[in-house]
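Working through the structure, step by step
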Amino acid sequence: MMELSRDEFEDLVGEALDTIPPELTAHMRNVVIVVEDDAPERGLLGLYQGVPLTERGDWYGAVLPDHISIYRREILRICDTREDVVEEVRITVVHEIAHHFGMDDEKLHELGY
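Residues numbered from 1 in each chain as written. Predicted model: local features only at pLDDT ≥ 70, side-chain atom pairs only at ≥ 80, totals over all residues. Heavy atoms only, no water.

Going by what an unreviewed UniProt entry lists, the chain is known as Metallopeptidase family protein and is assigned to Actinomadura chokoriensis.

Structure representation (structure tokens):
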């Protein structure tokens, strides 16, 4: 298992977020992205909880922010090198943000995420 401090890991999540094109991030409203040390189940690297943009309608308002969790220890557990961690963080961040935009796991796996 790789060792990386929480601060270093959070920096990697920030760097991954910086790779998301601005034309997409401009549509990310009411979303919180957090790093959590432990996942609710083994093997879960990230989790999107919320209402995808594709499902929001006139009723959507005055709701809690969507919540994206990136699970530090699970990602570190499956990585052997820092480069592996950087890549897995990037893939996980993109994967969870794609859920916010309404993409399902099947489509994301087809695209390599």
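**Things to note about the sheet that holds strand 1 (residues 31–36)**
Judged by pairing direction, the sheet is mixed, and its 3 strands sit side by side in the order 1-3-2 without closing on themselves. Across the chains shown, the open sheet's two edge strands, defined by having one partner strand only, are strand 1 and strand 2 (46–49). With direction set aside, neighbouring strand axes in the sheet form an average angle of 15°. By the bridge criterion, 4 bridges tie strand 2 to strand 3 (residues 66–71) in an arrangement that is antiparallel. Of the residues in strand 3, the one forming a bridge with Tyr-48 is Ile-68. Its contacts with the sheet put helix 1 (residues 6–18) on strand 1 and strand 3, and the angle it makes with strand 1 is roughly 145°. (Pairing = 2+ DSSP bridges. Helix = DSSP H or I, 4+ residues; strand = E, 2+ residues; numbered from the N terminus. Axes fitted to C-alpha atoms, helices over the stretch in contact; angles between N-to-C directions. Contact = heavy atoms within 4.5 Å.)

**Here we look at the nonpolar core**
Phe-9, Val-13, Ile-70, Ile-75, Val-85, Val-89 and Val-93 are the most contacted members of the largest nonpolar core, which has 21 residues in total. Only helix 1, strand 3, helix 3 (72–78) and helix 4 (82–100) provide two or more residues apiece to this core. The biggest single contributor to this core is helix 4, with 5 residues. When sequence neighbours within four positions are dropped, the list of residues in contact with Phe-9 reads Leu-4, Val-35, Ile-70, Tyr-71, Arg-72, Ile-75, Leu-76, Val-85 and Val-89. (Core = buried A, V, L, I, M, F, W, Y, C linked by side-chain atoms within 4.5 Å. Buried < 20%, exposed > 50% of the residue type's maximum accessible area, 1.4 Å probe, protein only.)

**Side note on unusual backbone geometry**
In the Ramachandran plot, Asn-30 falls in the positive-phi region, its phi being about 60° despite a non-glycine side chain. On the secondary structure map, Asn-30 appears in the loop between helix 2 (22–25) and strand 1. Taking relative accessible area as the criterion, Asn-30 reaches 31% and is therefore assigned partly exposed.

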